[in-house]
Amino acid sequence: MKGLSINLLLDATTPLADVTAAGPLSGMSVLEQLLFSLILIVILGGGLAIINLSSTMVRLQQARLLAETNPELIKEAGLENLIKPTPWWQELYRRFTDTVPVEKEADIMLDHNYDGVRELDNNLPPWWKGVFYLSIAFAPFYLYFNHFSENAASSQERYVMEMEEAEDEVKAFLATQKNAIDESNVTLLADADALVNGGLIYKTKCAVCHGQAGEGGIGPNLTDAYWLHGGSIADVFRTIKQGVPEKGMIAWKNDLRPRDMQEVASFIKSMAGSNPPNGKEPQGELYTEAAEDQASK
Ligand code: HEC
């Protein structure tokens, strides 16, 4: 379950592949996987036991019929071990279940008859009664321990604990994701791949408003040293991510992955000073890289 909740908590921009690449079991801890396998084995075993039981019942019925009609054939049919005197474990089983032998069932048959289905008035199985009484005896201790003593965490405390655990897990998970980039840790990329990719994003999504070469248009000139919302890589990243919706600049956080926004922000920074033709007049405040370098050192 925890695995699932983490996936749901992921930033919506995490590429689907990162989440779905994990198989159905990979979200489980080792313990959960063990438990899961155990449950499977129990279910399988139960199925086999039922098949075995029904075939034994059929053979038992055969043996009984033969015992009444033709006892010497029993051995021939290989059924003699079925009608030997009851071994001790079967006796024990009978005591634990307190079942009435088939031949005596008529004594406990109720007179209801539901379209041919009749009901036996069996005793409650002793094993079941034992568990029932044990649980009654256990209840006061449990109540005391969980609700009145200080030993156990309350549901509220356990909830808080689990939320904290889950938060830690989310953090640990996000730390392993290369997409976990935000304004606080974004860095300027300089490698060719990143800039080519950033340039592609710019051409398809941004150039309509900011010009093919960043000279500006509906949006401001991105190649000059003047910025409305700050010119550091973190500022540019934040502007792209959050947008300035009231001024016509979309928030891109739902369309672009953090890594994409980092690449396009780096691409924009790489256009600085390129002085394209028809540049839009500077807007905002002068931003100098030196100031940022000083600040970040
Ligand atoms: C629909 C037009 C439009 C599109 C498309 C658009 N922008 Fe903008 N952008 C604007 C406007 C308008 C502003 C100015 C906002 C203001 O006046 O505060 C702006 C401002 C900005 C700024 C801040 C500039 C400064 O001076 O601080 C950056 C950075 C920016 N856009 C990057 C992008 C990127 C990257 C893309 C593509 C992913 C993009 N924009 C797509 C219209 C657009």
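Note that the coordinates shown come from a computational prediction; the quantities given were computed from them, not determined experimentally.

## Quick look at the site of the ligand
Around the ligand, the surrounding shell holds 22 residues, and the nearest of these are Cys206, Cys209, His210, His229 and Met249. Here an oxygen atom of the ligand sits 2.8 Å away from a polar atom, N or O, in the main chain of Leu228. For the ligand, an oxygen atom lies 2.5 Å from a polar atom in the side chain of His229. Put simply, the parts of the chain that give the shell around the ligand at least two residues each are helix 9 (192-210), helix 10 (233-242) and helix 11 (258-270). Counting residues per element, the shell around the ligand draws most heavily on helix 9, at five residues.

## Notes on the packing of aromatic side chains
Where two aromatic rings form a pair, the distance of their centres and the angle of their planes describe that pair. The final tally for this structure, using the stated rule, is five aromatic pairs. For the pair Trp88 and Trp89, a centre-to-centre distance of 5.8 Å together with 90° between the ring planes defines the contact as edge-to-face. A ring pair is formed by Phe132 and Tyr133, whose centres lie 5.9 Å apart and whose planes are at 45°; its orientation type is tilted. Given a relative accessible area of 40%, Phe132 falls into the partly exposed group. Judged by relative accessible area, which is 52%, Tyr133 ranks as exposed. Taken together, the ring pairs in this structure connect Trp128, Phe132 and Tyr133 into an aromatic cluster.

## Description of the nonpolar core
Within the largest apolar cluster, 23 residues are counted, with the highest numbers of intra-cluster contacts made by Tyr202, Ile240 and Ile268. Broken down by secondary-structure element, the contributors of at least two residues to this core are helix 9, helix 10 and helix 11. Looking at this core, the element that brings in the most residues is helix 11, giving five residues. For Ile240, the residues in contact, after removing those within four places along its chain, are Met249, Ile250, Ala251, Trp252, Lys253, Met261, Val264, Ala265 and Ile268.

## Points about the side chain of Glu263
Tracing the backbone through its elements, the reader meets Glu263 in helix 11. For Glu263, a relative accessible area of 5% gives the class buried. At a separation of 2.8 Å, a polar atom in the side chain of Glu263 contacts the side chain of Asn197. If near-sequence neighbours (up to four positions away) are discounted, Glu263 is found in contact with Leu189, Ala194, Asn197 and Gly198.

Calculation criteria
- Residues numbered from 1 in each chain as written.
- Predicted model: local features only at pLDDT ≥ 70, side-chain atom pairs only at ≥ 80, totals over all residues.
- Heavy atoms only, no water.
- Near = heavy atom within 4 Å.
- Polar contact = N/O pair within 3.5 Å; in protein donor to acceptor, adjacent residues only side chain to side chain.
- Helix = DSSP H or I, 4+ residues; strand = E, 2+ residues; numbered from the N terminus.
- Phe/Tyr/Trp six-rings, centres within 6.5 Å; stacked < 30°, edge-to-face > 60°.
- Buried < 20%, exposed > 50% of the residue type's maximum accessible area, 1.4 Å probe, protein only.
- Core = buried A, V, L, I, M, F, W, Y, C linked by side-chain atoms within 4.5 Å.
- Contact = heavy atoms within 4.5 Å.

Fair warning: the whole summary comes from geometry, so function is off the table for now.
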